[in-house]
Amino acid sequence: MNELFSNRISSVSPSFIREILKVAVDPSIISFAGGLPNRDLFPVEALQKATNDLFNDSGKDILQYSSTEGYLPLRELIVADYKNKGLDIHVDDILITNGSQQGLDLLGKVLINEGDQVIIEEPGYLGAIQSFEVYAAQFNPVTVHQDGVDINQLEEIVTSSSSKLMYTVPNFQNPAGISYSNENRRAVAKCLSKTKTFLIEDNPYGDLRFAGENKISFKTLLPEQTILLGSFSKTVVPGFRLGWIVAPKPLMDKLVIAKQAGDLHSNYFCQRILHRFLIDNDLQKHIKKIVSVYGKQKQVMEDAIKQYFPKEVTYLNPEGGMFLWVTLPEKLSAMTVFDKAIEQKVAFVPGDPFYINKRDLNTLRLNFSSVDPDVIKEGIQRLGKVLHDLL
Ligand code: PMP
């Protein structure tokens, strides 16, 4: 049957994470492998109340078809939130999407022809790699350091090739947890300002800061070329699948056509519930609660790493988000560690899928947001033992 599939889909490899994690479904395994928000923080009662109130007040209306761009009052709330952050965004420049993941797909559909070049962080978000692979992009990886991307590499890529897009997660990056410094952001913006390359600032974790200062958005530094992606997945719930794109007018017109062709519009019922939840509740207060819990979970993980990991193993300390990135001594592949760790009933994601065409790397991603503090300690202790045995 394979000959029936399009080239587009045949060339995309199945999710490596899903494949390796098939072994990690055993409930007795402590898993740092997921990328999940903490379900204990989902505002269940408030969402239930918002839904009931909506049915009482608006009944049938909330079950009707709606506009492709998304529910206007919801987009207005997004505009107000940007305003609080010092960004002047017009409501017409916002398109509600099925999570920011759909934003990535729509951008791929609208911008990428087969073989077009895309600059991608390395390590980078594998969901973006997969999205752009569907449109047969050619990747130009640029190395991610503690304070942002490698500017020399970026300069070289920009001088020697012409890329349509650069994809970034500048705040609490997935997978490395790092954030770009303001200096690094300025250097990236300066570098791209000489080109026609669009810069995607994907920012699902930006509000989840438990240390340090907020940084400047690329939208301020490179306004004409920057596309923003946002999401309610990490601040409210991922199950609604609601996010958004902010894009300049000509691009927005094309994105709307692509979205219309794909699904007409995002789930209107959920947009209405989310909107009602946002106007009846204090989202900032809710986010503060999330940040406080994640900050503690991160601290427990860091303390346990210091206590139980061999000294040759290093890590990057995130100021927010959900992930902590670990580097093993060069000779040790995280895949080897993964096999041994599973025997000890602890799982994580080896670095490999976050890189373009590289294998047996010595890096790995640990998620702390979805694991209870006691369990984090126990899991890191087990992992520490595996690492001591291997080194
Ligand atoms: N971008 C990044 C960097 C992510 O980590 C994720 C989810 N893990 C997404 C986008 C997609 O999120 P969603 O579609 O739920 O908004």
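See the structure shown above.
As the structure is a prediction and not an experimental result, all values here were calculated from the model.

Trainee: Help me get a handle on the packing of aromatic side chains, residues and values and all.
Mentor: Any pair of aromatic rings gets described here by the distance separating the centres and the angle formed by the planes. Applying the stated rule across the entire model yields 10 aromatic pairs. Centroid distance F132 to Y167: 6.2 Å. Interplanar angle 75°. Geometry classified as edge-to-face. A residue pair is termed long-range when its members are at least 10 positions apart, and F132 in helix α6 (residues 126-134) and Y167 in strand β6 (residues 163-168) qualify at 35 residues. Assigned by exposure class, F132 and Y167 land together as buried. The interplanar angle of 85° and the centroid separation of 6.0 Å between the aromatic rings of Y180 and F218 together place this pair among those described as edge-to-face. Pair noted here: Y180 is in the loop between β6 and α8 (182-193) and F218 is in helix α9 (residues 218-221), with a separation of 38 residues, a long-range link. Just as Y180 is buried, F218 falls in that class too.

Trainee: Lay out the site of the ligand with the relevant residues and their values.
Mentor: Neighbouring the ligand are 14 residues; D202, Y205, S231, S233 and R241 lie closest to it. Here an oxygen atom of the ligand sits 2.8 Å away from a polar atom, N or O, in the main chain of S100. Between the ligand and the protein, one listed contact pairs an oxygen atom with a side-chain N or O atom of R241 at 2.7 Å. Computed on the free molecule, the ligand has an accessible area of 400 Å², of which 91% lies beneath the protein chains in the complex. When each cavity is represented as a set of grid points, the ligand is found to reside in the second largest pocket. By residue number, the principal contributor to the shell around the ligand is helix α5 (residues 99-111), which donates three residues. For the shell around the ligand, the per-class residue count stands at five nonpolar, six polar and three charged.

Trainee: Please give an account of the layout of surface pockets that cites residues and values.
Mentor: The computed volume of the largest pocket comes to approximately 1000 Å³. As for the largest pocket, its lining consists of 37 residues, of which D81, Y82, K85, D207 and Q284 are closest to the centre. Residue assignment for the lining of the largest pocket shows that the elements contributing at least two residues are α4 (72-84), β8 (226-231) and α12 (283-308). When residues of the lining of the largest pocket are assigned to their parent elements, the largest contribution, six residues, is made by α4. Class assignment for the residues of the lining of the largest pocket results in 16 nonpolar, 13 polar and eight charged. Within this model, the second largest pocket holds a volume of roughly 780 Å³. In terms of lining residues, the second largest pocket is bounded by 31 residues, among which G35, Q101, Y125, G127 and N174 are the most central. Looking at the lining of the second largest pocket element by element, the count peaks at four residues for α5. For the lining of the second largest pocket, the residue count by class is 15 nonpolar, 11 polar and five charged.

Trainee: Lay out the packing of helix α3 (residues 44-58) against helix α11 (residues 268-280) in plain terms, naming residues and giving numbers.
Mentor: Running from N to C, α3 and α11 point in directions that differ by 110°, and their axes come no closer than 9 Å. As summarised for this structure, α3 and α11 are arranged roughly perpendicular, according to the angle between their axes. Along the contact surface, α3 presents A46, L47, A50, T51, D53, L54, F55, D57 and S58, while α11 presents F269, R272, I273, R276, F277 and D280. Among the residues making up the contact of α3 with α11, the classes are represented as eight nonpolar, two polar and five charged.

Procedures and definitions
Residues numbered from 1 in each chain as written. Predicted model: local features only at pLDDT ≥ 70, side-chain atom pairs only at ≥ 80, totals over all residues. Heavy atoms only, no water. Phe/Tyr/Trp six-rings, centres within 6.5 Å; stacked < 30°, edge-to-face > 60°. Helix = DSSP H or I, 4+ residues; strand = E, 2+ residues; numbered from the N terminus. Buried < 20%, exposed > 50% of the residue type's maximum accessible area, 1.4 Å probe, protein only. Near = heavy atom within 4 Å. Polar contact = N/O pair within 3.5 Å; in protein donor to acceptor, adjacent residues only side chain to side chain. Areas by Shrake-Rupley, 256 points an atom, 1.4 Å probe, with all protein chains shown as cover. 1 Å grid on protein atoms, 1.4 Å probe; cavity = no way out; pocket = protein on both sides within 12 Å on 5 of 7 lines; lining within 4 Å. Sits in = over half its atoms within 2 Å of the grid points. Nonpolar A, V, L, I, M, F, W, Y, C, P; charged D, E, K, R; others polar. Points joined across faces, edges and corners; volume = space filled by probe spheres on them. Axes fitted to C-alpha atoms, helices over the stretch in contact; angles between N-to-C directions. Parallel < 35°, antiparallel > 145°, perpendicular 65-115°, else oblique. Contact = heavy atoms within 4.5 Å.

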